[in-house]
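Residue-level listing of the chains:
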Protein chains: 2
Amino acid sequence: MVRPCVAQTPAYVPGEQPQGSTFIKLNTNENPYPPPAEVLAALQGQLEQVRLYPDPNSTLLRKTAADLYGVELNQVLAGNGSDDILNVAIRTFVDPGDRVAFPDLTYSLYETLTNIHGAKIIQVATNETFELDNPIICPEAKLIFLASPNPPLGQQIRRDIVEKTCQEATGVVVIDEAYVDFSQSHYLDFVQRYDHILISRTMSKGYSLAGARVGFGIGQETLIQEMNKVRDSYNLDRFAQAIATSALQSQDYFQGIWEKVRQTRSRLIQGLRDQEFQVFDSEANFVLASPQWMSAKELYETLREQKILVRYFKHPRIANFVRITVGTDDEIDQLLAAIARIRNPEITV
Amino acid sequence: MVRPCVAQTPAYVPGEQPQGSTFIKLNTNENPYPPPAEVLAALQGQLEQVRLYPDPNSTLLRKTAADLYGVELNQVLAGNGSDDILNVAIRTFVDPGDRVAFPDLTYSLYETLTNIHGAKIIQVATNETFELDNPIICPEAKLIFLASPNPPLGQQIRRDIVEKTCQEATGVVVIDEAYVDFSQSHYLDFVQRYDHILISRTMSKGYSLAGARVGFGIGQETLIQEMNKVRDSYNLDRFAQAIATSALQSQDYFQGIWEKVRQTRSRLIQGLRDQEFQVFDSEANFVLASPQWMSAKELYETLREQKILVRYFKHPRIANFVRITVGTDDEIDQLLAAIARIRNPEITV
């Protein structure tokens, strides 16, 4: 009874989300700072209307996003997190059996979504430091996923590579900017220069709303109107729409937070290098780091015993790396101190 | 760039959802009564955690639903509304090109979802009073949708017809019980007796949470675990999970409301019949009614001018019917008074 493409696909495994426990949680790239009080207050007005359907078009939220991004209302699709946007993109532009291309080390959901849909994967090689150093030239691909900054490395894909990939693509290119708020550059200009580019954004990271599930697809209206048919007609509930609208309107607050995360990121990178880690530079709110004195898996497990969660991937190319989310300064101090104790149990910090 | 099956499908048009206006809203089958205060209070605990991802498995919500429905945790899938459940069912069990069967007059989303997926529709005839009076026997269908109570009529499909449809089906049968809370019977027992039956439930109607987007799929674990791969991994936000869990725990309150809706439904049906409407009996929170003295379209438009919204469908078989949601007693009094004035403008009510 089950489609073979579904039966053959292993379930996607999201990062661990312990509920109601006391971990220092540096494993799924959440923002360490909460939204400001006025954003939380935006929920109150929705409570007495919860018996009524939400606006199926998320109009106010999309208008707020469109103004912020400098595009028209009908160039913005709202999604139940950017995962919804990625899912809808595949279902709008890819027939089962078609090809979908993406780098061989990137957001692992692309692979799951492609397999579940019954489409075929073309993996494009990254170099020994996990960078894409050539454009993706793949005329048979109906969809190309380019995450920039690209997890788990956290670096922007070079502009000339993105440009050439877009120029050569015959299908749609999704530039997944989930982590862009922590970077100094973005590719929003591509949606005005090309009619086959979709920018994907999320409010889970930059806007501290992982718990509210809000993302956007931004592109030419011709793309967006077709994706709009495929999304669920009430894909964002009242609470998500209200809190996300208010958060987008709190630019000063969040820009301050992004700068703070960047500063802490520098401290984290230096602190890890000081303790003999190989650490890549990052433009995201996480760093990819490899301890030179212990296996990454053992480090992950040891930190977990000490109630510090970082991310360890069962992927052969990064088997000796952990991905660490940039937390608060205090959380990073505790992480670095724990690492120091692990390296030298006789130290008392 | 767009899949032909998507490009050729017209966009699904949900019922009108005027935001922030003063209509008496009897057009999209919302519950006229809000959830109790303690349910709304369940949101507060989520605010300070909104920066963190929700439980991707909606465990507490699903456990609460499983206990209520008398099934195991792993027999319940939580969806972003039951629309999400229907969507995931198609994508789990139907390959593009396969057949999906449903009655020729039912929830119109089935048609949209089937077309968007690139599958083929088999419509099964209902009789002149819009009832399914024979089982659906359709061995080529990979999925059968049976809504019971079935909109827009609002009546349960007879048990012997549901039973025979399930016995003969070679694919999965979805029994969509969106309106079941207002009825006196249900088909939950089918999920224990068959391994290819999925019950779909929503909290939008019975539990006054249309604005929160929560639904369930209930079936044997073998079905649910495959659907679980296809759903978005964070498909329910923190707010939806919390408020829905609390609502399921407030059975006494909601059972009182369902009884009240049934009483008002009887009054509405009698009041319409007294004013020369053909009205079908209903086991849902709406009635299908045809004025014998004016076209239904004109009645819909005239009521709309008077700030009363009912639903009019552009479907030839029900071109002279309106579907009216059971509101509060006061709302129904105002509706009946408005109808009396339309019939006889000299009446002063």
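The model shown is predicted, which means the values in this text are computed figures rather than measured ones.

**Thoughts on the overall build of chain A**
At step 1: When helices and strands are counted, chain A shows 13 helices and 12 strands.
At step 2: Relative to its length of 349 residues, chain A is compact, with a C-alpha radius of gyration of 20 Å against a globular reference of 20 Å.
At step 3: The C-alpha extent of chain A, read off along each of the three principal axes, is 65 × 50 × 45 Å.
At step 4: Relative to its full complement of 349 residues, chain A shows a buried share of 65%.
At step 5: The long-range share in chain A, meaning contacts at least 24 apart out of those at least 6 apart in sequence, stands at 71%.
At step 6: In the structure as shown, chain A presents an accessible area of about 12,700 Å², 47% of it carried by carbon and sulfur atoms.
At step 7: Side-chain charges of chain A comprise 33 positive and 43 negative groups, with the mean position of each set lying 4 Å from the other.

**Side note on helix 7 (residues 159-168) of chain B**
At step 1: Residues I161, V162, E163, T165 and C166 of chain B constitute the buried set of helix 7 of chain B.
At step 2: As for helix 7 of chain B, its buried residues are in contact with strand 5 (141-147), strand 6 (172-176), helix 8 (190-193) and strand 7 (197-202) of chain B.

**So, the state of the cysteines**
At step 1: Scanning the model with the defined rule gives 0 disulfides over all chains in all.
At step 2: No disulfide involves C138 of chain A; its sulfur sits 14 Å from the nearest other cysteine sulfur, which is in C166 of chain A.

**Points about the sheet that holds strand 4 (residues 120-124) of chain A**
All names here are of chain A.
At step 1: Read across the open sheet, the 7 strands follow the order 2-8-7-6-5-3-4; overall the sheet is mixed. Either end of the sheet is taken by a strand with one partner, and the two such strands are strand 2 (76-79) and strand 4. The sheet shows a mean angle of 20° between the axes of neighbouring strands, taken without regard to direction.
At step 2: Across 5 bridges, the pairing between strand 3 (residues 99-103) and strand 4 is parallel. Looking at strand 4, one finds that A101 is bridged to I122.

**A closer look at the relation of the copies chain B and chain A**
At step 1: Superposing chain B onto chain A requires a rotation of 180° together with a translation of 0.0 Å along the rotation axis, leaving an RMSD of 0.0 Å. The two molecules are tied by a two-fold rotation axis, judged by turn and shift. Proximity to the rotation axis, assessed at the C-alpha, singles out F239 of chain B in chain B; its C-alpha lies 3.5 Å from the axis.
At step 2: Here 100% of the interface residues in chain B have copies in chain A that are interface residues too; the copies meet face to matching face.

**Side note on the packing of aromatic side chains**
At step 1: Applying the stated rule across the entire model yields 35 aromatic pairs over all chains.
At step 2: Where Y207 of chain B meets W258 of chain B, the ring centres are 5.3 Å apart and the plane angle is 90°; that geometry is what we call edge-to-face. Of this pair, Y207 of chain B sits in the loop between strand 7 and strand 8 (215-218) while W258 of chain B sits in helix 11 (residues 251-274); the two residues are 51 residues apart in sequence, bridging distant segments of the chain. One exposure class covers both Y207 of chain B and W258 of chain B, and it is buried.
At step 3: Counting every residue linked through ring pairs, the aromatic cluster contains F102, Y107, Y110 and F145 of chain A.
At step 4: Over the ring of F23 of chain A we find K307 of chain A; its NZ or CZ atom is 4.5 Å from the centre of that ring.

**Structural notes on the packing of helix 4 (residues 59-69) of chain A against helix 10 (residues 238-248) of chain A**
When two helices pack together, their arrangement is captured by the angle between the axes and the distance separating the axes.
All names here are of chain A.
At step 1: Direction vectors running N to C along helix 4 and helix 10 enclose 20°, while the axes themselves pass 9 Å from each other. When the axis of helix 4 is compared with that of helix 10, the two are roughly parallel. As helix 4 runs across helix 10, the sense of the crossing is left-handed. On helix 10, the residues that touch L60, L61, T64, A65 and L68 of helix 4 are Q241, A244, T245 and L248.
At step 2: Looking at the contact of helix 4 with helix 10, its residues break down into 6 nonpolar, 3 polar and no charged.

**Points about the sheet that holds strand 12 (residues 322-325) of chain A**
Pairing between the strands of a sheet is mediated by backbone hydrogen bonds and can be parallel or antiparallel.
All names here are of chain A.
At step 1: What the 3 strands build is an open sheet, ordered 9-10-12; its pairing is antiparallel. In the strand order of this sheet, the two ends are held by strand 9 (277-279) and strand 12, each with one partner. On average, adjacent strands in this sheet sit at an angle of 35° to one another, irrespective of strand direction.
At step 2: Across 3 bridges, the pairing between strand 9 and strand 10 (residues 286-291) is antiparallel. Its bridge partner lying in strand 10, Q278 is registered against S290.
At step 3: The sheet contacts of helix 12 (residues 296-305) involve strand 9, strand 10 and strand 12, and relative to strand 12 the element is tilted by about 40°.

**So, the pattern of salt bridges**
At step 1: Tallied over the full model, the rule gives 40 salt bridges over all chains.
At step 2: For the salt bridge of D67 of chain A with K63 of chain A, the shortest nitrogen-to-oxygen distance reads 2.8 Å. Remark: K63 of chain A and D67 of chain A occur in helix 4; sequence separation between them is 4 residues, near one turn of the helix.
At step 3: Its relative accessible area of 53% is what places D67 of chain A among the exposed residues.
At step 4: Here K63 of chain A falls in the partly exposed class, since its relative accessible area comes to 39%.
At step 5: Its salt-bridge partner being R343 of chain B, residue E276 of chain B comes within 2.6 Å of it at the nearest N-O pair. Here E276 of chain B is found in the loop between helix 11 and strand 9 (277-279), whereas its partner R343 of chain B is found in helix 13 (residues 329-343), with 67 residues between them in sequence.

Each value, and the rule that gives it
- Residues numbered from 1 in each chain as written.
- Chains lettered and ligands numbered in written order.
- Predicted model: local features only at pLDDT ≥ 70, side-chain atom pairs only at ≥ 80, totals over all residues.
- Heavy atoms only, no water.
- Helix = DSSP H or I, 4+ residues; strand = E, 2+ residues; numbered from the N terminus.
- Rg over C-alpha atoms; globule rule 2.2 N^0.38 Å.
- Buried < 20%, exposed > 50% of the residue type's maximum accessible area, 1.4 Å probe, protein only.
- Contact = heavy atoms within 4.5 Å.
- Areas by Shrake-Rupley, 256 points an atom, 1.4 Å probe, with all protein chains shown as cover.
- Lys, Arg positive; Asp, Glu negative; His and termini not counted.
- Charge placed at Lys NZ, Arg CZ, Asp CG, Glu CD.
- Disulfide = S-S within 2.5 Å.
- Pairing = 2+ DSSP bridges.
- Axes fitted to C-alpha atoms, helices over the stretch in contact; angles between N-to-C directions.
- Least-squares fit on C-alpha atoms with pLDDT ≥ 70 in both.
- Phe/Tyr/Trp six-rings, centres within 6.5 Å; stacked < 30°, edge-to-face > 60°.
- Lys NZ or Arg CZ within 6 Å of the ring centre and 35° of its normal.
- Parallel < 35°, antiparallel > 145°, perpendicular 65-115°, else oblique.
- Left-handed = near helix turned anticlockwise from the far one by under 90°.
- Nonpolar A, V, L, I, M, F, W, Y, C, P; charged D, E, K, R; others polar.
- Salt bridge = Lys/Arg side-chain N within 4 Å of Asp/Glu carboxyl O.

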